[in-house]
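Here are the chains, one letter per residue:
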Amino acid sequence: MLSSRTALLLIAFLLIFVPWLCRRSPAIRRMVPLAVIQILGGVLLGPSGLGQIAPGAYEALFPAPVLAAINGLATVGVLLFVFVSGLYLDGAQLRDGMRRLGGPAAGSIGVPLILGFGAGFWIAWTVPTAMGPRGGVTTTAVAIAICVAVTALPVLAAILRELGLIGGRLGQTALALAALNDAALWLMIAVLLALSRGSAEGAIWVLGLSVVWLAVMLLVVRPLLAWAAGRGANEATVLVVSLSVAFASAALAESFGLGYMIGGFVAGAIMPARNRAPLLGQLERLTAAALLPFFFVATGLRALIEPGSLVFLGMFVLLSSATIVGKVLGTAVPARRSGENWPSALAMGALMQTKGLMEVVVLSVLLDAGLIGRSLFSALVAMAMLCTVLTVPMVRWALGSHRMVDAAASQAGG
């Protein structure tokens, strides 16, 4: 019988080393983002994989003390992830994006929201277990609409780097659109969580505290951080102060019901521009390699992928179709009308349907809030993995050939 400490360290070894080993294969590295391999690893260690194949080993690997430790590490890991995601949210880029990309931005959010709401309404109406304990038909449909509309900014940036497109016009436009998507996403989640608290008074209370907290973050904390950055603090000081702000912001947001993930995201978004690169350099890889795997296994323990269930398959196919069609057409058609050629417009749409970890983070928020049930959560996790795996092949197809992608990358580098 494994001790709890041994089990925890063994899980950490599997989740850190095995995805890295898989990525050593050029074929896998070319087609599958690391986040998908890590999410899949968590699912395979959970009830969908190990729990089905070897129930005894599953129980030995996940006793109660190990589950408590995993959940604690998962909380820290995902908080740092959303903080890093907020660091990617450039205010100047957002303002410029809203001026230049009004049509594609509106389409990339609006069309998937509409399709997602329609799919969500049908699912909530026909599959009662899809709704969480605090979710009704309408709130569950709205939650699904948000999940369909998600674009994963950090995973998108990683894919663009792998394709060599991040420095070119297509890559920069896609990043600006994803930043607008992320900003709208977290705003919608905050409003939905506030409105789902069961009473108008509770919703007003949460919304009021959220406004006060956000005002303090923007009007007090942000100028103080900018002032400190101007005094040339060393990297160690920047890291400690920034992490302190992130954890304090997350604790406050969690205390009044908005959620610690939103608190962490806003903390990242208000960081001074000169501090972002050092923070990303210190936090991003360590968080992805050492802490996020615990979030993946925590997610895998909550997801039950049932390929033999018609209900699961129906939700999975419907949600995947709504996401791919909504994101690709919702982005590509307005982009083409704004002057992009069809290959670039379609590639942009393919990039916008990237899900990855951001989708799983959003799903965890909605599951914890009681707005979606576990069956729907599992179908959405499967949808997130499929859409992320499809991103690179779809981009290559849209651009016509591997040579065209390489040419675009060369032009970006020049």
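Just so it is clear, the model here is predicted, and its values are computed rather than measured.

Undergrad: What should I look at first to understand the packing of helix 17 (residues 342-352) against helix 19 (residues 374-399) in this one?
TA: The interhelical angle for the contact between helix 17 and helix 19, taken along N-to-C directions, is 175°, at an axis separation of 8 Å. When the axes of helix 17 and helix 19 are compared, the pair comes out roughly antiparallel. When helix 17 is examined against helix 19, the residues Pro343, Ser344, Leu346, Ala347, Ala350 and Leu351 are found in contact with a partner set consisting of Thr391, Met394, Val395, Trp397, Ala398 and Leu399.

Undergrad: Would you mind showing me how to read the packing of aromatic side chains here?
TA: Centre distance and the angle of the planes are the two values used to describe a pair of aromatic rings. Enumeration according to the criterion identifies 8 aromatic pairs in this entry. Plain terms: the ring middles of Phe295 and Phe296 are 6.4 Å apart, the flat faces sit at 55° to each other, and that makes the pair tilted. Looking at Phe295, the relative accessible area reads 6%, which means it is buried. In this structure an aromatic cluster arises from ring pairing among Phe13, Phe17 and Trp20. Above the plane of the ring of Phe377 lies Arg302, whose end atom (NZ or CZ) is 6.0 Å from the centre.

Undergrad: What's the story with a nonpolar patch on the surface in this structure? I'm lost.
TA: Residues Leu2, Leu10, Phe13, Phe17, Val18, Trp20 and Leu21 make up a contiguous nonpolar surface patch of about 620 Å² in total accessible area. A residue is classified by how much of its surface remains accessible, and Phe13, at 45% relative accessible area, is partly exposed.

Undergrad: Please clarify how the environment of Val18 should be interpreted in this entry.
TA: By the element assignment, Val18 lies in helix 1 (residues 4-22). Using a relative accessible area of 35% as the deciding quantity, one classes Val18 as partly exposed. Sequence spacing of Val18 and Gly339 is 321 residues, and the spatial spacing of their C-alpha atoms is 44 Å.

Undergrad: Which parts of the structure should I look at to understand helix 1?
TA: Because an α-helix completes one turn every 3.6 residues, residues spaced three or four positions apart along the sequence face the same direction. Relative to the 27 Å expected for 19 residues at 1.5 Å per residue, helix 1 spans 27 Å between its end C-alpha atoms, a close match to the ideal helical length. Regarding helix 1, the residues found buried are Ala7, Leu8, Ile11, Ala12, Leu15 and Pro19. Here the buried residues of helix 1 occupy an arc of 140° about the axis, which is enough to place them on one side. More than 90 degrees from the buried face of helix 1, the exposed residues found are Arg5 and Leu9. Structurally, helix 1 contributes buried residues whose contacts are with helix 3 (34-45), helix 5 (55-61), helix 6 (64-87) and helix 15 (273-302).

Undergrad: It is not clear to me how the side chain of Thr331 should be interpreted in this structure. Could you clarify?
TA: Mapped onto the fold, Thr331 is located in helix 16 (residues 310-337). Here Thr331 falls in the buried class, since its relative accessible area comes to 0%. Filtering out sequence-adjacent residues up to four positions away, Thr331 remains in contact with Pro104, Gly107, Ser108, Leu177, Gly326, Met348, Gly349 and Met352.

Conventions we followed
- Residues numbered from 1 in each chain as written.
- Predicted model: local features only at pLDDT ≥ 70, side-chain atom pairs only at ≥ 80, totals over all residues.
- Heavy atoms only, no water.
- Axes fitted to C-alpha atoms, helices over the stretch in contact; angles between N-to-C directions.
- Helix = DSSP H or I, 4+ residues; strand = E, 2+ residues; numbered from the N terminus.
- Parallel < 35°, antiparallel > 145°, perpendicular 65-115°, else oblique.
- Contact = heavy atoms within 4.5 Å.
- Phe/Tyr/Trp six-rings, centres within 6.5 Å; stacked < 30°, edge-to-face > 60°.
- Buried < 20%, exposed > 50% of the residue type's maximum accessible area, 1.4 Å probe, protein only.
- Lys NZ or Arg CZ within 6 Å of the ring centre and 35° of its normal.
- Patch = residues over 30% accessible without salt bridge, like charges linked within 9 Å, V, L, I, M, F, W, Y side chains within 5 Å.
- Areas by Shrake-Rupley, 256 points an atom, 1.4 Å probe, with all protein chains shown as cover.
- Salt bridge = Lys/Arg side-chain N within 4 Å of Asp/Glu carboxyl O.
- Expected span 1.5 Å × (residues − 1).
- Arc of directions from axis to C-beta.

The values reported here are purely geometric and, on their own, carry no functional implication.
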